[in-house]
2 protein chains.
Amino acid sequence: MTTVALDLLGGDGAPGVVADAIARMAESGELAGTADPSGDPIDLIVVGPAATASTLLADRGVSQVSVRIVDAGRGASMSAHPLSTLRDHDDVTVSVAAGLVAGGLADAWVSVGHTGAAVAAAVLGLGRVPGMSRPALAVVVPALSGPVVLVDAGAAPDATPDILRQFALAGWAYARALGVEDPGIGLLTIGSEAGKGDRLRRSTHDLLSESLPGSGVRYAGAVEGHDVATGDRAQVIVTDGFTGNVLLKGIEGAVRWSAHRMGAAYGDMEPARGVVRQTATSEFAGGMLLGVNGVTVVGHGAGTPDEICACVRLAARASRMELVPSVQAALAKVSRS
Amino acid sequence: MTTVALDLLGGDGAPGVVADAIARMAESGELAGTADPSGDPIDLIVVGPAATASTLLADRGVSQVSVRIVDAGRGASMSAHPLSTLRDHDDVTVSVAAGLVAGGLADAWVSVGHTGAAVAAAVLGLGRVPGMSRPALAVVVPALSGPVVLVDAGAAPDATPDILRQFALAGWAYARALGVEDPGIGLLTIGSEAGKGDRLRRSTHDLLSESLPGSGVRYAGAVEGHDVATGDRAQVIVTDGFTGNVLLKGIEGAVRWSAHRMGAAYGDMEPARGVVRQTATSEFAGGMLLGVNGVTVVGHGAGTPDEICACVRLAARASRMELVPSVQAALAKVSRS
């Protein structure tokens, strides 16, 4: 059984939308403690104000036995300065949830709140994996030829070649844990010819070309923006958090654009909308924070109940597949330059 | 009548694919000199090896009177080092085509070849607009709420706040020329809260907030990747050429992904593919190079004949709407900081 701590106060629609997600998981028998749990149930800990949590869950018919509540009164997302809130208070839900993982009381934690606050809480509460200067948010894109891990999707906006090298190794470990046999690392740039791209990419290309051979990690070379959706050229696509976040949101916007235009072309919006919904609740839903010593999933602030359920499932899956030791091992493979 | 010079040797399928495009325009009566030209015909000059051009056009039944040929034997795209080819030879098609515009013999020119070579030929042959440190490639995205100008889409990978300010003004002029009444400038970043983004975006936000008020150019603030496809928050979206190119290609890939997945959901691929084709041959087809003293359109290297036709139409339209003087006027509005 896998124990997942869930931040009740993270997300634009929190706490109601998070309570809705919990009710769905309880109904579907995914949670331990429900009358008829499924094969591999999740032991869920809700982290939030206890009275609010009890009321919201009771309103939704979730029995007290199916989830445990850990009291924490302060949401980071709702504060104007989430990082100072985190420093100044010990009852912030993201810190308490990360602390449960650090203390061995939970295997993984999830927040759909403020990304910066969740990343800071993970770094402060869990610590970084040796060799990882900054954690990275990895998102799995369901590309046409299979899953593609895009890393970083927004945790570290300003990167260096060495940081991108770390992201490549951590992303490689994540892809392997997800079942991709021999993931190729692609460096996101513009134009696939050598020497193209900005200064950061040219230096990173040289570093990856020199440091990866012999490590068992395959460098597939330069890839472009469209390769994220096709997945033909690499299964791990590495970039800085600024570019990765812009690209990921651009792709999401383009898929919604397509649903609108293509739905109109067929004269029936519903099947196109179904593709959008199904994609949003696949592994695509949650960002996996790589490089901290504990499984941390950060979801969309605007996540729906189904998307929050997908984040909790992803967190449980990452814990079962021993993601953190895999990332540690990958970073130890290539010594720092 | 508008005269457009077209590079015969640009593009992955050149010269055949360019000749195919010319044949389509001749058939549809868009070209001056055809038997029954349409209302506002384009006077087309083909720039390439004269013998090859004559043969290819004759093979496709294009009469000699409907297009003129200017002899130039060397393609920049096919060379391993296009920029040194450009420096060392005076018979490179992109240089000759830009030179026709510089000399007043053409109103605009088009190449679907190597972007770097086309940009260099434009800068060398036409010169930069005063106040513009580097030209920028602007692409019109047919967003849900109307056209959105994305600038820069790949001409200048490494930018500074002042360069992004120049791109904003040039993009604003382009949007106005396209008929957008009061285009808002959006700065592409991650998270819409102030203070988010990387170092470049934080400095650029400050510069735009200080320099644009009072100029008549409206700064709409920070936007995110998905805003390019919706167009709700800004009609001109400004970014560096690295991010812009990655985003644009990411969007293209996501639209193809959507056509595949949504087509499958409907059990009929054709209407979804029609949306992709129609988008590729809209204004979306060609990048408009802003900040040089002559209308320059750079298309996709992998462009189809229909996409090349769309680039020629876009070039003629930009000349008719007096794009270059509009960009010059916009850059003169805000003095350099």
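Just so we're clear, the structure is a prediction, and the values are computed from it rather than from any experiment. (Residues numbered from 1 in each chain as written. Chains lettered and ligands numbered in written order. Predicted model: local features only at pLDDT ≥ 70, side-chain atom pairs only at ≥ 80, totals over all residues.)

J.: Could you give an account of the overall build of chain A, with specific residues and numbers?
T.: Scanning chain A from terminus to terminus reveals 12 helices and 11 strands. Computed over its C-alpha atoms, the radius of gyration of chain A comes to 20 Å, within 12% of the 20 Å expected for a compact globule of 337 residues. By its C-alpha atoms, chain A is 60 × 55 × 40 Å across when sized along the principal axes. Each of the 337 residues in chain A was classed as buried or not, and the buried ones make up 61%. Long-range pairs, those at least 24 residues apart, make up 71% of the contacts in chain A between residues at least 6 apart in sequence. (Helix = DSSP H or I, 4+ residues; strand = E, 2+ residues; numbered from the N terminus. Rg over C-alpha atoms; globule rule 2.2 N^0.38 Å. Buried ≥ 20, exposed ≤ 12 C-beta atoms within 10 Å, placed from the backbone. Contact = placed C-beta atoms within 7 Å.)

J.: Provide a residue-level description of the relation of the copies chain A and chain B, including the pertinent values.
T.: Take chain A, turn it by 180 degrees, move it 0.0 Å along the axis, and it overlays chain B with an RMSD of 0.0 Å. The symmetry that links the two subunits is that of a two-fold axis. Interface overlap between copies: 100% of the residues of chain A at the interface are likewise at the interface in chain B, consistent with a symmetric, same-surface contact. (Least-squares fit on C-alpha atoms with pLDDT ≥ 70 in both.)

J.: With reference to specific residues and values, describe unusual backbone geometry.
T.: Residue and element names in this part refer to chain A. Omega for the peptide link from Ala14 to Pro15 comes to -5 degrees, which places this bond in the cis form. The residue Pro15 is located in the loop between strand E1 (2-7) and helix H1 (16-27) in this model. Of note, the bond from Val151 into Asp152 is cis; its omega dihedral lies within 30 degrees of zero at 10 degrees. Topologically, Asp152 is positioned in the loop between strand E6 (146-151) and helix H6 (161-177). Here the phi dihedral of Glu322 falls at roughly 55 degrees; this positive angle occurs in a residue that is not glycine. Looking at the element boundaries, Glu322 is found in the loop between helix H11 (305-320) and helix H12 (323-333). The exposure class assigned to Glu322 is partly exposed, which follows from the 13 C-beta atoms found within 10 Å.

J.: Could you give an account of the interface of chain A and chain B, with specific residues and numbers?
T.: It is common to give the size of an interface as the accessible area that goes away when the parts come together. The partner chain B presents 42 residues to the 42 residues of chain A that form the contact. Breaking the side of chain A that touches chain B down by element, the ones donating at least two residues are helix H8 (227-230), helix H9 (241-266) and helix H10 (270-280) of chain A. Counting residues per element, the side of chain A that touches chain B draws most heavily on H9 of chain A, at 22 residues.

J.: Requested: an account of H12 of chain A, with residues and values cited.
T.: Residue and element names in this part refer to chain A. Inspection of H12 places Leu323, Val324, Val327, Ala330 and Leu331 among the buried residues, and these make up the whole buried set. Mapping the buried residues of H12 onto a view down its axis gives an arc of 125 degrees, with all of them on the same face. Among the structural elements, H6, strand E10 (286-290), strand E11 (295-299) and H11 are those in contact with the buried residues of H12. (Arc of directions from axis to C-beta.)

J.: Which residues make up the sheet that holds strand E1 (residues 2-7) of chain B, and what are the values?
T.: Residue and element names in this part refer to chain B. Ordered in space as E3-E2-E1-E4-E11-E10-E5-E6-E9-E7-E8, the 11 strands form an open sheet in which the pairing is mixed. Edge strands, defined here as strands with exactly one partner in the open sheet, are strand E3 (67-71) and strand E8 (218-223). Geometrically, the sheet is characterised by an average inter-axis angle of 30 degrees between neighbouring strands, direction not taken into account. Those strands touched by helix H4 (residues 93-102) are E1, strand E2 (42-48), E3, strand E4 (108-111) and strand E11 (295-299), and its axis lies near 165 degrees from that of E4. Packing of helix H11 (residues 305-320) onto the sheet brings it into contact with E1, E2, E4, strand E10 (286-290) and E11, and relative to E11 it is tilted by some 160 degrees. (Pairing = 2+ DSSP bridges. Axes fitted to C-alpha atoms, helices over the stretch in contact; angles between N-to-C directions.)

J.: So what about the packing of helix H4 (residues 93-102) of chain A against helix H5 (residues 115-126) of chain A? Which residues, and what values?
T.: Residues and elements named next belong to chain A. Between H4 and H5, the shortest axis-to-axis distance is 9 Å and the interhelical angle comes to 35 degrees. H5 is crossed by H4, and the crossing has right-handed handedness. Contact with H4, carried on its side by Val94, Ser95, Ala98, Gly99, Val101 and Ala102, involves Ala117, Ala118, Ala121, Ala122, Gly125 and Leu126 of H5 and no other residues of that element. Residues belonging to the contact of H4 with H5 are distributed by class as follows: nine nonpolar, three polar and no charged. (Left-handed = near helix turned anticlockwise from the far one by under 90°. Nonpolar A, V, L, I, M, F, W, Y, C, P; charged D, E, K, R; others polar.)

J.: Go over H4 of chain A, please, and point to the residues and values.
T.: All names here are of chain A. Counting buried positions over the 10 residues of H4 gives nine, a clear majority of the element. Among all positions of H4, only Thr93, Val94, Ser95, Val96, Ala97, Ala98, Gly99, Leu100 and Val101 are buried. Buried residues along H4 sit in contact with E1, strand E2 (42-48), strand E3 (67-71), helix H3 (82-88), strand E4 (108-111) and H5. Two residues or fewer after H4 comes Gly104, characterised by a positive phi angle close to 80 degrees.

J.: So what's going on with the domain arrangement of chain A? Residues and values would help.
T.: All names here are of chain A. Split by domain assignment, chain A resolves into domain 1 (1-128 + 291-321) and domain 2 (133-290). The gap between the C-alpha centroids of domain 1 and domain 2 is 26 Å. Listed as interface residues are 19 residues of domain 1 and, on the opposing side, 17 residues of domain 2. For the side of domain 1 that touches domain 2, the elements supplying multiple residues, two or more each, are H5, E11 and H11. When residues in the side of domain 1 that touches domain 2 are grouped by element, the largest group, six residues, is from H11. Considered class by class, the residues forming the side of domain 1 that touches domain 2 number 11 nonpolar, five polar and three charged. (Domains from an automatic or database assignment.)

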